[in-house]
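Each chain, letter by letter, is given below.
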Amino acid sequence: MPKRRTPPAWQLCLALGAVLAAGYAMLPDGGWWHPVAYGLDGLICIAVVLAAVRRYRPDQPSTWYVFVAGIGVWLAGTVIERATTAAPWSHVSSLLFLAGYPLLCHALIGLIRGRVRYHDRTAGIDAGIVATSLALLFWTLIAGQVTLPWLQLLFAAGDIALFVLISLLVTTPGARTASYLMMLAALALTVFSDVMIMTMPFRPGAPADVAQLLSYAFVGAAVLHPSMRQLTVPLTQPPAFVRPRLALLTVAILLAPAVSLYQGATGRIAQNWLPVGVSSIILFLLVTARMAGLVMRVEHQARRLSVLVNQDPLTGVANRRRWDDRLAEAMSRAARTGEPLVVALLDLDHFKRFNDTHGHQAGDELLSGAAAAWSAGLRDDDLLARYGGEEFCVLLTGRTTAEAARAVEHLQALTPRGQTFSAGLTRWDGHRTARELLEEADRLLYEGKRSGRARVITDETADAAPRATAA
């Protein structure tokens, strides 16, 4: 009989968590078993996370250790709260809950930053937009209507911070792995449990309690899945402005005017004018900063695209597209001003032999080195472009044919590794097209090849003395 395949550890964790949560829900009310069972379930989750981090060794283990610390602090506070509500233990449990918020927030920030490049600041701006809107909503609907103890205000601030970070984690681009989805399920169950506790009478074993235990099971399954390593793998490119993030920011920004309309309709606009005004100013500044960031990114991408479109990727000099544009501009200017315009076509001698002898890598290095040396030997208003293969074009303006020929001949001595080139050089007569100009330069170039190489042939002389021995 074939051996039965053992389910993966993460599936076993989910199954065990579901069984423990169901058993916890069926415990009778009262007694000590609820806090003990709750504590054991939480300790199992912590042990599983620590073991999984040691096993898979993710890129940012500190994020997981902080996350475990936050779970542990909240677990201790919950167990104490379930066991007794008498002072001073009630104060201890409240302090533990408060201490858990910064730890969990720090862990969520680590997960978010681990999925984007470290210098990307848009997540922080987006967090400010969502947090400001939620704070205004909380103040308008709750804090502005009743007087809350400072402890409840701190809890509310912590809940808002967690909700903001969870929203950003959901809308941050990155790998949607099984581990990521199970972690989101755990966070969603935690939020559900927290909302149920705040809005409904609580008793041990209630849906809020069971939801929190199920969240422990999903956390354990998330870290046991092999894809947990990808949770903190950053993107190689800046994050795109994806639709979920856009929808989140749209809702957040519209909360301020929606609150104003609500207060105006209910006649309470004068009561909360200050928080609405302050939050509107903050939102305006944050949206402006976000727009400025997007504009800067678009400008950077436009500059980068311009370089990619107009630059030869191997040599770094102008490519054929850039050459065609500059030649057309130079011909138009020469037609208006009458300044001389000379075009040269250069071809490295015996490049195929060099490539076959020394290898393609050495051939690429020769092309790059020659392009760099020739560029340094030309004037700033001259243009060197790679025409194709080992052929290069040079655009020289404001020079006679003889002056341009001397400038091109000077480049022979700059050619690296003792190599030479042949060149054809022609002056524009004001009538020929760009194609005819290049065809004439190409004809002169091959005339130099036939006459011994390492020559610069112009349309004013049928022959030029070689400047070096052909390689």
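Residues numbered from 1 in each chain as written. Predicted model: local features only at pLDDT ≥ 70, side-chain atom pairs only at ≥ 80, totals over all residues. Heavy atoms only, no water.

### A closer look at the overall build of the protein
Basically, it comes down to this: Segments assigned H or I by DSSP are reported as helices when at least four residues long, segments assigned E as strands when at least two residues long, and all are numbered from the N terminus. A 1.4 Å probe rolled over the protein chains alone gives each residue an accessible area, and that area as a share of the maximum for its type sets the label: buried under 20%, exposed over 50%, partly exposed in between. Here the accessible surface of atoms and residues is derived via Shrake-Rupley with a 1.4 Å probe, and residues count as covered only by protein chains that are part of the display.
Looking only at helices and strands, the protein features 15 helices and 5 strands. Across the 471 residues of the protein, 44% fall into the buried class. Carbon and sulfur atoms make up 64% of the accessible area of the protein, which totals about 24,500 Å².

### Re the sheet that holds strand β1 (residues 341-348)
To be explicit about the condition: Two strands are said to pair when DSSP picks up at least two bridges between them. Simply put, an axis is a line fit to the C-alpha atoms, just over the touching stretch for a helix, and the angle between two N-to-C directions goes from 0 to 180 degrees.
Reading across the sheet, the 5 strands line up as β2-β3-β1-β4-β5 and stay open at both edges, with mixed pairing between neighbours. Looking at strand neighbours, the two that pair on one side only are β2 (383-388) and β5 (456-458), the edges of this open sheet. Each adjacent strand pair in this sheet contributes to an overall mean axis angle of 20°, direction not counted. Bridge count between strand β4 (residues 421-427) and β5: 3 bridges; the pairing is parallel. Its bridge partner lying in β5, G424 is registered against I457.

### Details of the pairing of β2
Across 5 bridges, β2 lies against strand β3 (residues 391-397) in antiparallel orientation. Considered in β3, the bridge of L383 is made with L395. The antiparallel pairing of β2 with β3 creates a hairpin that spans 2 residues between the two strands, and G389 there sits at a positive phi of about 60°.

### What to know about unusual backbone geometry
A positive phi angle, near 50°, is found at R57, a position not held by glycine. The exposed category is assigned to R57, whose relative accessible area is 67%. Positioned with a positive phi, H350 is a non-glycine residue whose angle comes to about 50°. You can see H350 is positioned in the loop between β1 and α12 (351-358).

### Digging into the side chain of S94
Stated precisely, the cut-off is as follows: When checking whether two residues touch, look at their non-hydrogen atoms; a contact exists if any pair is within 4.5 Å.
You can see S94 is positioned in helix α4 (residues 89-115). With residues up to four places along the chain from it excluded, the contact list for S94 reads L151 and F155.

### A word on the confidence of the model for the protein
How we decide: You can read pLDDT as the predictor saying how much it trusts each residue, on a scale of 0 to 100.
In this model, the protein carries a mean pLDDT of 83, and residues with pLDDT of at least 70 account for 89%. Confidence, expressed as mean pLDDT per element, reaches its minimum in the protein at helix α5 (residues 122-143) with 74 and its maximum at β1 with 95. The low-confidence segment residues 462-471, where pLDDT is below 50, has 26 contacts with residues more than four positions distant or belonging to other chains.

### Description of helix α8 (residues 207-224)
Heads up, the rule is: Helices are assigned an expected span. That span is 1.5 Å times one less than the residue count.
Over its 18 residues, α8 runs 26 Å from end to end, which matches the ideal 26 Å to within 8%, given 1.5 Å per residue. Counted residue by residue, α8 has 15 buried out of 18 residues, so it is predominantly covered.

### A closer look at the pattern of salt bridges
For clarity, the cut-off: Salt bridge, as used here, is a side-chain nitrogen of Lys or Arg placed within 4 Å of a carboxyl oxygen of Asp or Glu.
For the coordinates displayed, the defined rule picks out 13 salt bridges. Beyond isolated ion pairs, a larger network of salt bridges with shared partners links R379, D381, D382 and R399.

### Quick word on the nonpolar core
Heads up, the rule is: Joining through side-chain atoms within 4.5 Å is the link that ties buried Ala, Val, Leu, Ile, Met, Phe, Trp, Tyr and Cys residues into a set, and such a set is a nonpolar core.
One finds W64, L108, L169 and V219 to be the most contacted residues of the largest nonpolar core, which totals 67 residues. Of all hydrophobic cores here, the second largest spans 27 residues; its members include L346, L348, A362 and V394.

### A word on the packing of aromatic side chains
What counts is decided by this rule: Planes of paired rings set the category: under 30 degrees apart is stacked, over 60 is edge-to-face and the rest tilted, where pairs are Phe, Tyr or Trp rings (Trp by its six-membered ring) whose centres lie within 6.5 Å.
Evaluated as defined, the whole model comprises 6 aromatic pairs. Residues W64 and F67 carry aromatic rings whose centres are separated by 6.4 Å and whose planes lie at 85° to one another, so their mutual orientation is edge-to-face. Remark: F67 and W64 occur in helix α3 (residues 61-83); sequence separation between them is 3 residues, near one turn of the helix. Their ring planes at 75° and their centres at 5.3 Å tell us that W374 and F421 sit as a pair that is edge-to-face.

### A few points about the packing of α3 against α8
Worth spelling out the cut-off: An angle below 35 degrees is read as roughly parallel, one above 145 as roughly antiparallel, one from 65 to 115 as roughly perpendicular, and any other as oblique. Crossings are classed by handedness, with left-handed meaning an anticlockwise turn of the near helix from the far one by less than a right angle and right-handed meaning a clockwise turn. Classification convention: Asp, Glu, Lys, Arg as charged; Ala, Val, Leu, Ile, Met, Phe, Trp, Tyr, Cys, Pro as nonpolar; all other residues, Gly among them, as polar.
Close contact between α3 and α8 brings their axes to 13 Å; oriented N to C, the two are set at 160°. As far as their axial angle goes, α8 and α3 are roughly antiparallel. Crossing handedness for the pair α3 and α8: left-handed. Of the residues in α8, those touching α3 at W64, F67, I71, L75 and R82 are D209, Y216, V219 and V223. The class makeup of the residues in the contact of α3 with α8 is 7 nonpolar, no polar and 2 charged.

### Overview of helix α15 (residues 434-450)
With 17 residues, α15 extends 25 Å from end C-alpha to end C-alpha; this agrees with the ideal 24 Å at 1.5 Å per step. Of the positions making up α15, those classed as buried are L437, L438, E440, A441, L444, L445, G448 and K449. Once α15 ends, the next one or two residues include G452, with phi positive near 125°.

### Comments concerning the side chain of S193
Tracing the backbone shows S193 in helix α7 (residues 178-199). The contact partners of S193, leaving out residues within four places of it in the chain, are A208, A211 and Q212.

### A closer look at the state of the cysteines
Defined as follows: The disulfide criterion is simple: two cysteine sulfur atoms within 2.5 Å.
This structure, assessed with the given rule, holds 0 disulfides. With no disulfide of its own, C13 has C45 as its nearest cysteine by sulfur position, at a separation of 7.3 Å. Exposure remark for C13: the relative accessible area of 16% places this residue in the buried category.

### Overview of the environment of L95
Turning to its location among the elements, L95 is positioned in helix α4. Spatially, the C-alpha atom of L95 lies 9.5 Å from that of V73, the residues being 22 residues apart in sequence.

### Topic: a nonpolar patch on the surface
Selection criterion: Here the term patch refers to residues with relative accessible area over 30% and no salt bridge, with like charges joined within 9 Å and nonpolar side chains (Val, Leu, Ile, Met, Phe, Trp, Tyr) within 5 Å.
There is a patch of nonpolar side chains on the surface, built from W32, V36, L40 and L43 and spanning about 440 Å² of accessible area. Tracing the sequence through the fold places L43 in helix α2 (residues 33-56).

### Examining the packing of helix α1 (residues 9-25) against α8
Viewed as axis vectors pointing N to C, α1 and α8 meet at an angle of 170°, and their least axial separation amounts to 8 Å. On the basis of their axis angle, the class for α1 and α8 is roughly antiparallel. Between α1 and α8, the contacting residues are A9, W10, C13, L14, G17, A18, A21, Y24 and A25 on the first element and D209, V210, L213, L214, A217, F218, G220, A221 and L224 on the second. Of the residues belonging to the contact of α1 with α8, the class tally is 15 nonpolar, 2 polar and 1 charged.

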